[in-house]
Amino acid sequence: MSFFANIPDIAFEGPETDNEFAYRHYNPDEVIAGKTMAEHLRFAVAYWHSFAWEGGDPFGGRTFDRPWFGDTMDHAKIKADAAFDLFRILGQPFFCFHDADVRPERDSYAENTANLEEITDYFGEKMEATGTKLLWGTANLFSHRRFMSGAATNPDPNVFAYAAATIKANMDATHKLGGQNYVLWGGREGYETLLNTNLGREADQMARMLSLVVDYKHKIGFEGTILVEPKPQEPTKHQYDFDVAICYGFLKRYGLENDVKLNLEQGHAILAGHSFEHEVALASSLGMLGSIDMNRNDYQSGWDTDQFPNSVPEVALIYFEILKSGGFTTGGTNFDAKLRRQSLDAEDLVLGHVGAMDVCARGLKAAVRLIDDGGLEAARDARYASWDGPRGEAMMELDLAGITEMVKSEDIQPEPKSGRQERLENLVNRVIGQT
Ligand code: XUL
Ligand code: CO
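Values in this document were obtained by computation on a predicted structure and should not be read as measured data.

## Notes on the packing of aromatic side chains
Piece 1. For the coordinates displayed, the defined rule picks out 25 aromatic pairs.
Piece 2. For the pair Tyr47 and Phe51, a centre-to-centre distance of 5.6 Å together with 50 degrees between the ring planes defines the contact as tilted. Taken together, the residues span about one helical turn, with Tyr47 and Phe51 both in helix H2 (residues 47–52) at a distance of four residues.
Piece 3. Its relative accessible area of 1% is what places Tyr47 among the buried residues.
Piece 4. Where Tyr191 meets Tyr240, the ring centres are 6.4 Å apart and the plane angle is 55 degrees; that geometry is what we call tilted. With a gap of 49 residues between them, Tyr191 in strand S9 (residues 190–191) and Tyr240 in the loop between strand S11 (238–239) and helix H8 (244–253) connect regions that are remote in the sequence. Each of the two residues, Tyr191 as well as Tyr240, counts as buried.
Piece 5. It is Arg66 that lies over the ring of Phe64; its NZ or CZ is 4.5 Å from the centre.
Piece 6. Between the NZ or CZ atom of Lys77 and the centre of the ring of Tyr122, over which it lies, the distance is 5.6 Å.

Shown next, in the form of structure tokens:
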């Protein structure tokens, strides 16, 4: 019997319904700003949080009781059956996985790879039958003790080799399943202490791994996007892919900025001392926006708590940035979010996603209204308008001496102008507040 046996498939019933097991705002087929909501949002379930995570924390182990917990391939298949049941119940178009989420962990590379091939063949059959697609695949190069001192950045080249071979197996699996992106999140690519760390060497090693990945993508004809996922710390004290700005500098330094884009996560932005909106807007301005991991952190704990999103105004500003950048191409909205460890039931897992999807749908609609309203863009354009006129052009043509001459001869006295922040905030609240 299915783990989700008594749970109905979720359908759109509109904001007035009192049915908990229904969408109030996410109507996948509704066309808004030229695309269906499903096409805009491109939702994905994260296999690791929803199926592999057992409810542990640093002070206590497993709280969940799932029929697929165990380390055989039979367990892996029961898990896959449950996962595809959840995708169907939610009408989720995509999912994402790490190798370690989907097959048992073994000591040898050969056995791990054979098991990955077997389970991803099983996925392939289910994807074919249900139409569910893979948003991205990735290798878990952070849980096993062999990676404790880094994967690409490990002082031991044997670990680099093992990590490279593991990435290859995961790229092969992602390619086989028609995955739309391949993600690299470097959870152990950083340091615990500078006393034993050679920063220059580790940066070169990380760049070497990434260029091997890019080369291999071309070699096998993988048409998806290679995505790096920034995070400043956790599990390491300092992670090299700290935030968008640092990732971009790194990619530029090694000439990889045209082959790699970024997968941005709300909780990671907050850990880096930014807003998610900042990270998305910056990536967009750099042409680096690839995909998002949607979640939220607890604003008090200071940890990456990976909760399901529940703030419409926050989410609205994210989709506003994404829409302005032209919307997702290969990317999407992956719920890198997990239940709280006391949320034991199958219903909790379903309704966590349902609520988050409705929040994102409302955010998307609000973002479209912000764009249609045009007030924000008009105010921003007006603020910089003089740069498009003769004065701005002069700044691009004259040298320092020429500019100085102009300041003197025209007796330039700049007049401060209001930044109008409160008026813009009022505008956003007014537009987002409409239902
Ligand atoms: C960790 C995290 C990862 C990546 C994929 O914080 O976000 O799950 O998304 O490895
Ligand atoms: Co993530």
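## Quick word on unusual backbone geometry
Only a minority of non-glycine residues have a phi that is not negative, and only a minority of peptide bonds are not trans.
Piece 1. Glu234 connects to Pro235 through a cis peptide bond whose omega is 10 degrees.
Piece 2. By the secondary structure assignment, Pro235 is in the loop between strand S10 (225–228) and S11.
Piece 3. One non-glycine residue with positive phi stands out, namely Ala33, at about 50 degrees.
Piece 4. Given the relative accessible area of 53%, Ala33 is considered exposed.
Piece 5. Within the chain, Asp411 stands out as a residue other than glycine whose phi angle is a positive 50 degrees.

## Re the coordination of the cobalt ion (ligand 2)
Piece 1. Within the first shell, the cobalt ion (ligand 2) binds the protein through Glu229 (OE), Glu265 (OE), Asp293 (OD) and Asp336 (OD), at distances of 2.0 to 2.1 Å.
Piece 2. The site at the cobalt ion (ligand 2) holds six donor atoms, and with the angles between them running 83 to 171 degrees, its shape is octahedral.
Piece 3. You can call Asp293 buried: its relative accessible area is 0%.

## Some thoughts on the nonpolar core
Piece 1. In this structure, Phe4, Tyr47, Phe51, Phe123, Tyr319 and Val350 are the most contacted members of the largest nonpolar core, which totals 114 residues.
Piece 2. In this structure, this core is formed jointly by two domains, domain 1 (31–373) and domain 2 (377–432), each of which donates at least three residues.

## Thoughts on the domain arrangement of the protein
Piece 1. As far as domains go, the protein holds domain 1 (31–373) and domain 2 (377–432).
Piece 2. In this structure, domain 1 and domain 2 have C-alpha centres spaced 40 Å apart.
Piece 3. Facing nine residues of domain 1, the contacting portion of domain 2 comprises six residues.
Piece 4. Summing both partners gives a buried area of about 660 Å² for domain 1 against domain 2, and 68% of it is carried by carbon and sulfur.
Piece 5. Run the count over domain 1 and domain 2 and you get one salt bridge.
Piece 6. The closest approach of N and O atoms between Glu377 and Lys324, which form a salt bridge, is 3.7 Å.

## Considerations on the packing of helix H12 (residues 346–373) against helix H16 (residues 421–433)
Piece 1. It is at 9 Å that the axes of H12 and H16 come closest, and there the two elements cross at 125 degrees. The pairing of H12 with H16 is recorded here as oblique in orientation. In the packing of H12 onto H16, the handedness of the crossing is right-handed. Contacts from Ala366, Arg369, Leu370 and Asp373 of H12 reach H16 at Leu427, Val428, Val431 and Ile432.
Piece 2. Partitioning the contact of H12 with H16 into residue classes produces six nonpolar, no polar and two charged.

## Concerning the environment of Leu317
Piece 1. Topologically, Leu317 is positioned in helix H11 (residues 312–324).
Piece 2. Remark: the alpha-carbon pair of Leu317 and Phe276, spanning 41 residues in sequence, is separated by 9.0 Å.
Piece 3. Excluding residues within four positions of it along the chain, Leu317 makes contact with Glu277, Leu370 and Val428.

## A short note on the sheet that holds strand S5 (residues 43–46)
Piece 1. Reading around the circumference, S5-S6-S7-S8-S10-S12-S13-S14 is the order of the eight strands in this closed barrel, with parallel pairing throughout. Neighbour-to-neighbour, the strand axes of the sheet open up by a mean angle of 30 degrees, direction not taken into account.
Piece 2. Taken together, the three bridges between strand S7 (residues 133–138) and strand S8 (residues 181–184) define a ladder with parallel strand orientation. Within S8, the position partnered with Gly137 by the bridge is Tyr182.

## Side note on the pattern of salt bridges
Piece 1. Within this structure, the stated rule accounts for 20 salt bridges.
Piece 2. Lys77 is paired through a salt bridge with Glu118; the nearest N and O atoms lie 2.9 Å apart. In this pair, Lys77 sits in helix H3 (residues 73–90) while Glu118 sits in helix H5 (residues 109–130), placing the two residues 41 residues apart along the sequence.
Piece 3. With a relative accessible area of 25%, Lys77 lands in the partly exposed category.
Piece 4. A residue is classified by how much of its surface remains accessible, and Glu118, at 36% relative accessible area, is partly exposed.
Piece 5. Between Lys168 and Asp172 there is a salt bridge, with the nearest N and O atoms lying 2.8 Å from each other.

## Some remarks on a negative patch on the surface
Piece 1. A cluster of like negative charges, contributed by Asp381, Asp388, Glu393 and Glu397, occupies part of the molecular surface.
Piece 2. Looking at the secondary structure, you find Glu397 in helix H14 (residues 390–397).

## Some details on the site of ligand 1
Piece 1. Taken together, Trp48, His98, Trp136, Phe142, Trp185, Glu229, Lys231, Glu265, His268, Asp293, Asp304 and Asp336 are the residues near ligand 1.
Piece 2. Within the contact set of ligand 1, an oxygen atom lies 2.9 Å away from a side-chain nitrogen or oxygen of His268.
Piece 3. Note that an oxygen atom of ligand 1 is positioned 3.0 Å from one of the side-chain N or O atoms of Asp293.
Piece 4. If ligand 1 stood free it would expose 290 Å²; the protein chains cover 94% of that surface.

What counts and how
Within every chain, residues take consecutive numbers counted from 1 along the sequence as written. By the order in which they are written, chains take letters starting at A while ligands take numbers starting at 1. Local features in this predicted model are restricted to residues of pLDDT 70 or higher, and side-chain atom pairs are both shown and tallied only at a pLDDT of 80 or more, whereas totals for entire chains, interfaces and linings draw on every residue. Side-chain metrics in this entry use all non-hydrogen atoms of the structure; hydrogen atoms and water are not considered. We call Phe, Tyr and Trp rings a pair once their centres come within 6.5 Å, taking the six-membered ring for Trp, and we label the pair stacked below 30 degrees between planes, edge-to-face above 60, and tilted otherwise. Under the scheme used here, helices are H or I runs from DSSP no shorter than 4 residues and strands are E runs no shorter than 2 residues, and both carry numbers assigned from the N terminus. Three labels apply to residues, based on accessible area from a 1.4 Å probe with only protein chains included: buried if under 20% of the type maximum, exposed if over 50%, partly exposed otherwise in between. By definition here, charges over rings are those cases where NZ of Lys or CZ of Arg is within 6 Å of the ring centre and within 35 degrees of the ring normal. In this description, a donor is an N, O or S atom within 2.8 Å of the metal centre, a cutoff extended to 3.2 Å for sodium, potassium and calcium. Water is not part of the atom list, which can make sites seem incomplete. Irregular is the default label, applied whenever a site is not tetrahedral (four donors, all angles between 85 and 135 degrees) and neither square planar nor octahedral (four or six donors, opposite donors over 155 degrees apart, all other angles between 65 and 115). What makes a nonpolar core is a set of buried Ala, Val, Leu, Ile, Met, Phe, Trp, Tyr and Cys residues whose side-chain atoms join them at distances within 4.5 Å. Note that domain bounds follow an automatic or database assignment of domains. Residues are treated as being in contact if the distance between any of their heavy atoms lies within 4.5 Å. In this description, buried area is defined as the sum, over both parts, of the accessible area (probe of 1.4 Å) that is lost when the two are combined. Here, a salt bridge means any Lys or Arg side-chain nitrogen found within 4 Å of an Asp or Glu carboxyl oxygen. Axis geometry follows a simple rule: fit a line to the C-alpha atoms, using only the stretch in contact for helices, then measure angles between N-to-C directions, giving values from 0 to 180 degrees. Orientation categories follow fixed angle ranges, with anything under 35 degrees roughly parallel, anything over 145 roughly antiparallel, 65 to 115 roughly perpendicular, and all other angles oblique. Left-handed describes a crossing whose near helix is turned anticlockwise from the far helix through less than a right angle; right-handed describes the clockwise counterpart. Residues are grouped as follows: Ala, Val, Leu, Ile, Met, Phe, Trp, Tyr, Cys and Pro are nonpolar; Asp, Glu, Lys and Arg are charged; every other residue, Gly included, is polar. Strand pairing follows a simple DSSP-based rule, namely that at least 2 bridges must link the two strands. Each patch is built from salt-bridge-free residues with over 30% relative accessible area, joining like charges within 9 Å and nonpolar side chains (Val, Leu, Ile, Met, Phe, Trp, Tyr) within 5 Å. Methods summary: accessible areas were calculated by the Shrake-Rupley approach with a probe of 1.4 Å, and residue burial reflects only the protein chains presented. We treat Lys and Arg as the positive residues and Asp and Glu as the negative residues; His and chain ends play no part in the count. Just so you know, the charge point we use is NZ for Lys, CZ for Arg, CG for Asp and CD for Glu. It suffices for a single heavy atom of a residue to lie within 4 Å of a molecule or strand for the residue to be listed as near it. Think of a polar contact as two N or O atoms within 3.5 Å of one another; within protein, one of them needs to be a possible hydrogen donor and the other a possible acceptor, and neighboring residues in sequence only count if both atoms come from side chains.

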